[in-house]
Amino acid sequence: MMNGDHGSDSSRSISPGISSLANLGNTCFLNSVLYTLRFTPGFCHSFHHLHCDLQAKLKQENGRTSEKPDPDEENLVDVIHSLHQLFHKLCISDTGANGDPKDPVLPTDLLRSIVRLLPAFDGNQQHDAQELLNHLLTNLQEVKPPPPKVEPAVAASSADDKKLKKNKHLHQQQPQHLGSTPNLVHSLDANGSVESNPLLGSKSATPPPPLPTNFIKENFVGVGVRRIKCLECESSTYSKEEFNTIQVPVQCDEEDEDPSGYNVFISRIMASETVRDANKYTCSECSRNNEAQLTVSYEQLPSVLVLHLNRFAATASRSYVSKLTDYMPTPLVMDCFCQKCRDSPGAPLHRYRLYSVILHLGASLASGHYITCVRAGDVNYEYFQCRRPGPVDNTLRNKNSKRSIFKMFSKSSSSSSSSLTGNSADQSLTNQVCGSISCCGLKWNPTLSASSLESRLGSSNGSNIGVESSISSNGLDPGGVSNGKHSPNLGATADVMDDIWLECDDEQISVLTRSQLEDLLTSRQTTTTPYLLFYNKI
């Protein structure tokens, strides 16, 4: 168990009010992924609508088709339903400021659904968290959301169009007199578009609902360009491929000048690879197998960037999987390395901010343990900016009630956050609130803040724990990497925001300050290593 190995006992005694997940027996790999998904900005909200759309489609098609359902599709729908139910159980078990949740939530039904879809995860042995995450994202990104339900106002638009054409025809048949010109003047703007003529209707008619999109594919999937250059004739071939995870080598062929710096992390991601020996490249120009250089550039990076540190490798005899414990820095903020940003003459067009880390504890994959550290930022903003809100609770119908509910469902009303749909976090709270916030929203202790932690922990420790962190005017964290070195070009610091993290270790959820997180990530213990890094675009 990780808890108690670092940090202050006082910080761990503070309840975040968040529900925990029970370990069913070597299921820490599952729990670590679930904690990350729940704290991914906007994930639970978008997933709720995906689940509701699929359920409505199934209800509509019930008994109307004679085709035998595909077993894999049935199993995937069952996984989606079970995951949605789990998010709902976690939401209703969150206590916020009312103390610790009573009992951990058991992910039993979800695990059974996953095993039916992915039999490789059957059994009571330890599994790879990265493999589970990759399988889940790959399957979910193939789901085709059903078309949106046409509302009555939209359905009536075709009838209004017919009426509009009829009125225009009648108007054209009427004689034009000087006294009738005001209607024409006020009906057209300078561009000749319809404004306010009662005969021609209004251009502010309700627009049709947006076409359905798969939010997993839209936010977790990027496009990479693979280049293979023959080292004999120097000809190159290019191919594009989609990805949801980027593999980062822990070991590198060349010596790094600064193995702990920020730049080495990016250089490992962009590192080229030489294929040789049994893996030689078949060159079409040379008509034989040659050594080749493999490089990858990124045409498009997703909004949610997942980096997998390659720490496990099969031994020569393939009798077991060994673990590479080499130290790798963990940037808290990282410049975007898509081709467009790399070609930009100035600063990158955008950056990425760390919001979750899955760490592996142990000497091997079979005997290890997973924990997750998540940034306790606001993940519920999307409920307040929903473009297709469902039924709204009575407690959310006025501005004052919205603000009180907002405090219960999120840490701060002023923190900046980036949601899956890219909506700005500074929109007014008077917007309609999606009723699904009471189904899948995340509630924590509203008194949990960096300032309160500093006062509570500072008195017990007798020292400044440094829990406050500055952010730049565009919402960037100036702490470039966990070793204290700053990322380049992060701008001047401005407002001060809370920077609290949660260490999720199965049934135990503990509060971490930023300094405690940095101590954990920079630890040179050979058995405690970051394994999966999750960033959201800012």
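See the structure above.
Residues numbered from 1 in each chain as written. Predicted model: local features only at pLDDT ≥ 70, side-chain atom pairs only at ≥ 80, totals over all residues. Heavy atoms only, no water.

**Considerations on the overall build of the protein chain**
Piece 1. Scanning the protein chain from N- to C-terminus turns up 16 helices and 18 strands.
Piece 2. By residue count, 49% of the 538 residues in the protein chain fall in the buried class.
Piece 3. For the protein chain, long-range pairs separated by at least 24 residues make up 74% of all intrachain contacts whose partners lie at least 6 apart in sequence.
Piece 4. With the model as given, the accessible surface of the protein chain reaches about 26700 Å², and the carbon-plus-sulfur share is 49%. (Helix = DSSP H or I, 4+ residues; strand = E, 2+ residues; numbered from the N terminus. Buried < 20%, exposed > 50% of the residue type's maximum accessible area, 1.4 Å probe, protein only. Contact = heavy atoms within 4.5 Å. Areas by Shrake-Rupley, 256 points an atom, 1.4 Å probe, with all protein chains shown as cover.)

**Description of unusual backbone geometry**
Leave glycine aside and you will find that most residues have negative phi; peptide bonds, for their part, are mostly trans.
Piece 1. The phi angle at Asn26 is positive, at roughly 60 degrees, despite the residue not being glycine.
Piece 2. With respect to the element layout, Asn26 can be found in the loop between helix H1 (9–12) and helix H2 (28–38).

**Brief notes about the sheet that holds strand E7 (residues 292–300)**
Piece 1. Taking strand neighbours across the sheet as the criterion, the 4 strands line up as E2-E1-E7-E4 in an open arrangement whose pairing is antiparallel. Edge strands, defined here as strands with exactly one partner in the open sheet, are strand E2 (236–243) and strand E4 (273–275). Each strand of the sheet is rotated relative to its neighbour by a mean of 30 degrees, with strand direction disregarded.
Piece 2. Bridge analysis of strand E1 (residues 222–230) against E2 gives 8 bridges, and the strand direction is antiparallel. Bridging across to E2, Val223 finds its partner in Glu242. (Pairing = 2+ DSSP bridges. Axes fitted to C-alpha atoms, helices over the stretch in contact; angles between N-to-C directions.)

**Brief notes about the packing of helix H3 (residues 43–61) against helix H4 (residues 71–93)**
Piece 1. Axis separation between H3 and H4 bottoms out at 10 Å; the angle between their running directions is 130 degrees. The angle between H3 and H4 places the two elements in the oblique class. Viewed along their axes, H3 and H4 form a crossing whose handedness is left-handed. Here Phe43, Cys44, Phe47, His48, His51, Leu54, Gln55 and Leu58 of H3 lie close against H4, whose contacting residues are Val77, Ile80, His81, Leu83, His84 and Phe87. (Parallel < 35°, antiparallel > 145°, perpendicular 65-115°, else oblique. Left-handed = near helix turned anticlockwise from the far one by under 90°.)

**Description of the environment of Ser367**
Piece 1. Within the fold, Ser367 resides in the loop between strand E12 (351–361) and strand E13 (369–375).
Piece 2. Residue Ser367 is classed as exposed on the basis of its relative accessible area of 54%.
Piece 3. On a C-alpha basis, the gap between Ser367 and Gln126 in space is 7.2 Å, while along the polypeptide they are 241 residues apart.

**A closer look at helix H16 (residues 514–521)**
Piece 1. Regarding H16, the residues found buried are Arg514, Gln516, Leu517, Leu520 and Leu521. Down the axis of H16, the buried set is contained in an arc of 160 degrees. They therefore lie on one face. (Arc of directions from axis to C-beta.)

**Describing H3**
Piece 1. Helix length check: H3 (19 residues) gives 27 Å between terminal C-alpha atoms against 27 Å at 1.5 Å per residue, within 8%.
Piece 2. Every buried residue belonging to H3 is among Phe43, Cys44, His45, Ser46, Phe47, His48, His49, Leu50, His51, Asp53 and Leu54, and all of these are buried.
Piece 3. Looking at the buried side of H3, the elements it contacts are H2, H4, helix H6 (129–140), helix H10 (215–220) and helix H14 (437–440). (Expected span 1.5 Å × (residues − 1).)

**Examining the packing of aromatic side chains**
Piece 1. This structure, assessed with the given rule, holds 11 aromatic pairs.
Piece 2. Between Phe43 and Phe47, the aromatic rings sit 5.7 Å apart at their centres with planes inclined by 15 degrees, giving stacked as the arrangement. Here Phe47 and Phe43 lie together in helix H3, a separation of 4 residues that amounts to about one turn. When sorted by exposure, Phe43 lands in the same class as Phe47, which is buried.
Piece 3. Consider the rings of Tyr355 and Phe534, whose centres lie 6.2 Å apart with planes at 55 degrees: the pair is tilted. Residue Tyr355 is located in strand E12, and its partner Phe534 is located in strand E18 (residues 528–537); the two are separated by 179 residues in the primary sequence.
Piece 4. Classification of Tyr355 as buried rests on a relative accessible area of 3%. (Phe/Tyr/Trp six-rings, centres within 6.5 Å; stacked < 30°, edge-to-face > 60°.)

**Digging into the side chain of Asn244**
Piece 1. Along the chain, the position of Asn244 falls in the loop between E2 and strand E3 (246–249).
Piece 2. Polar contacts involving the side chain of Asn244 include one to the side chain of Thr245, which spans 3.0 Å.
Piece 3. Those residues in contact with Asn244 that lie beyond four places of it in its chain are Asn134, Leu137, Thr138, Gln141, Phe220 and Val306. (Polar contact = N/O pair within 3.5 Å; in protein donor to acceptor, adjacent residues only side chain to side chain.)

**Quick word on the packing of H4 against helix H5 (residues 108–117)**
Piece 1. Two numbers describe how H4 lies on H5: the axes approach to 8 Å, and their chain directions differ by 160 degrees. In terms of orientation, H4 lies roughly antiparallel with respect to H5. Here H4 and H5 pass one another in a crossing that is left-handed. Judged by residue contacts, Asp72, Asn75, Leu76, Asp78, Val79, Ser82, Leu83, Leu86 and Lys89 of H4 engage Asp109, Leu110, Ser113, Ile114, Arg116 and Leu117 from H5.
Piece 2. Counted by class, the contact of H4 with H5 contains 7 nonpolar, 3 polar and 5 charged residues. (Nonpolar A, V, L, I, M, F, W, Y, C, P; charged D, E, K, R; others polar.)

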